[in-house]
Amino acid sequence: MPRKVKRSNQWFIKVRGSYLPNSWQAWLLYVPYVTWLLMGIFFAAYSHEAVVARILITGTAWYAGAATMTWIAAKKS
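Residues numbered from 1 in each chain as written. Predicted model: local features only at pLDDT ≥ 70, side-chain atom pairs only at ≥ 80, totals over all residues. Heavy atoms only, no water.

K.L.:
Pulling in residues and values, what's your account of the nonpolar core?
P.N.:
Core analysis: the biggest nonpolar cluster contains six residues, these being Phe12, Tyr19, Ala26, Tyr33, Met69 and Ala73. Mapped by element, the contributors of at least two residues to this core are helix H1 (24-45) and helix H2 (51-76). Contacts of Met69, omitting those with residues within four sequence positions, involve Phe12, Leu29, Tyr30 and Tyr33. (Core = buried A, V, L, I, M, F, W, Y, C linked by side-chain atoms within 4.5 Å. Buried < 20%, exposed > 50% of the residue type's maximum accessible area, 1.4 Å probe, protein only. Helix = DSSP H or I, 4+ residues; strand = E, 2+ residues; numbered from the N terminus. Contact = heavy atoms within 4.5 Å.)

K.L.:
Mind laying out the confidence of the model for the protein, listing which residues take part and the relevant values?
P.N.:
Per-chain confidence: the protein averages 79 in pLDDT, with 75% of residues scoring 70 or above. Of all the helices and strands in the protein, H2 carries the lowest mean pLDDT, 80, while strand E1 (residues 12-15) carries the highest, 89. (pLDDT = per-residue confidence, 0-100.)

K.L.:
So what's going on with the layout of surface pockets? Which residues, and what values?
P.N.:
Its boundaries defined by the atoms lining it, the largest pocket holds a volume of some 170 Å³. Contributing to the lining of the largest pocket are Phe12, Gly17, Ser18, Tyr19, Tyr30, Tyr33, Ala66, Met69, Thr70 and Ala73. Broken down by secondary-structure element, the contributors of at least two residues to the lining of the largest pocket are strand E2 (18-21), H1 and H2. If one sorts the elements of the lining of the largest pocket by residue count, H2 sits on top with four residues. Taken together, the residues of the lining of the largest pocket break down into seven nonpolar, three polar and no charged. (1 Å grid on protein atoms, 1.4 Å probe; cavity = no way out; pocket = protein on both sides within 12 Å on 5 of 7 lines; lining within 4 Å. Points joined across faces, edges and corners; volume = space filled by probe spheres on them. Nonpolar A, V, L, I, M, F, W, Y, C, P; charged D, E, K, R; others polar.)

K.L.:
Outline the pairing of E2, supporting the account with residue identities and numerical values.
P.N.:
Across the two faces of E2 the burial differs, with Tyr19 and Pro21 buried and Ser18 and Leu20 not buried at all. As defined by bridge partners, E1 adjoins E2 across four bridges and the pair is classed as antiparallel. Bridge pairing in E2 places Phe12 opposite Pro21. Between E1 and E2, which pair antiparallel one after the other, the connecting turn spans two residues, and Arg16 there sits at a positive phi close to 50°. (Pairing = 2+ DSSP bridges.)

K.L.:
Residue-level account of the packing of aromatic side chains, with values.
P.N.:
The description of an aromatic ring pair rests on the distance of the ring centres and on the angle between the ring planes. In this structure the tally under the stated criterion is two aromatic pairs. Ring geometry for Trp27 and Tyr30: centres 5.6 Å apart, planes at 90°, overall edge-to-face. In this pair, Trp27 and Tyr30 are both assigned in helix H1, three residues apart and thus about one turn of the helix distant. (Phe/Tyr/Trp six-rings, centres within 6.5 Å; stacked < 30°, edge-to-face > 60°.)

Next comes the structure, spelled out in structure tokens:
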């Protein structure tokens, strides 16, 4: 007799203090966030104008984005 697979409403799965996507809704949030993060790192690394100000502004935005994603993942896991 086959086992019944338990369906989960969890969008994210907690793994070692982090969260990984577990549903299409989570992937819909996760992919743009990671893309935004990587683009920010790329532009900050190759920017030659006002380096300190750019690092402070982008660093604050990255922290806010990470805190928001962690909060959503914690609520939806």
